[in-house]
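Residue-level structure breakdown
So you can see what is in the structure, the chains are spelled out below.
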Amino acid sequence: QVNLVESGGGLVQAGGSLRLSCAASGRTFSTYSMGWFRQAPGKEREFVAGVSWNGGGLYYSDSVKGRFTISRDIAENAVYLQMNSLKPEDTAIYYCAADRFPYQTLWSTSSIGYWGQGTQVTVSS
């Protein structure tokens, strides 16, 4: 059984930082692009950041560019999201995700084959 398990969420004041971690088990994702999505109350799930299957490409939504950094550890089968300069509008449930098929880099929710259970990030003003 494939599992993506997020950790590191919590409550932080505006301007603060958090680091999210995603540990994958059940299969290796070394040939899969992985990333993070988020969903705020009443809104659709949106792409936040992604790293291509070969690690050569890093992708960010405009809203987090310059503040968030995604990284992955192939050996640990893990992906991370360092979030700095957090804003109240970053408040959401953050989901770890992996593409449905290997060797592709697509960042729509329909292209995702694996989801974590989500971790809550709350940024107070």
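Residues numbered from 1 in each chain as written. Predicted model: local features only at pLDDT ≥ 70, side-chain atom pairs only at ≥ 80, totals over all residues. Heavy atoms only, no water.

1. Examining the pattern of salt bridges
When the charged atoms of two side chains lie near each other, side chains of opposite charge can form a pair. Where we set the bar: By definition, a salt bridge exists where a carboxyl oxygen of Asp or Glu is found within 4 Å of a side-chain nitrogen of Lys or Arg. A simple rule labels every residue: compare its accessible area, found with a 1.4 Å probe on the protein chains alone, to the largest value its type can have, and call it buried under 20%, exposed over 50%, or partly exposed in between.
Considering all chains together, one arrives at four salt bridges under this definition. A salt bridge links Arg38 to Glu46, with the nearest nitrogen and oxygen atoms 2.7 Å apart. Between Lys65 and Asp62 there is a salt bridge; the shortest N-O distance is 3.3 Å. Neither Lys65 nor Asp62 differs from the other in exposure class; each is exposed. Through salt bridges with shared partners, a single ionic network connects Arg38, Glu46, Arg67 and Asp90.

2. A short note on the packing of aromatic side chains
Selection criterion: The aromatic pairing rule takes the rings of Phe, Tyr and Trp, using the six-membered ring of Trp, and pairs them if the centres are within 6.5 Å, calling planes under 30 degrees apart stacked, those over 60 edge-to-face and the rest tilted. Think of it this way: any DSSP run of H or I at least four residues long counts as a helix, any run of E at least two long counts as a strand, and we number them from the N terminus. To sit over a ring, a charge needs its Lys NZ or Arg CZ within 6 Å of the ring centre and within 35 degrees of the ring normal.
All told, the structure shown has nine aromatic pairs when counted by the stated rule. An angle of 75° between the planes, with centres 5.7 Å apart, marks the rings of Phe37 and Phe47 as edge-to-face. You can see Phe37 sitting in strand S4 (residues 34-39) and its partner Phe47 sitting in strand S5 (residues 46-51), a full ten residues away along the chain. Accessibility assignment for this pair places Phe37 and Phe47 in one class, buried. Both rings, one in Tyr59 and one in Trp107, keep their centres 5.8 Å apart while their planes meet at 50°; by these two values the pair is tilted. Here Trp107 lies in the loop between strand S9 (92-99) and strand S10 (112-115) and Tyr59 lies in strand S6 (residues 58-60), a separation of 48 residues in the sequence. Residue Trp107 is classed as buried on the basis of its relative accessible area, which comes to 17%. One cation-aromatic arrangement involves Arg27 over Phe29; the distance from NZ or CZ to the ring centre is 5.9 Å.

From the geometry alone we can't say anything about function, so treat these as descriptive.
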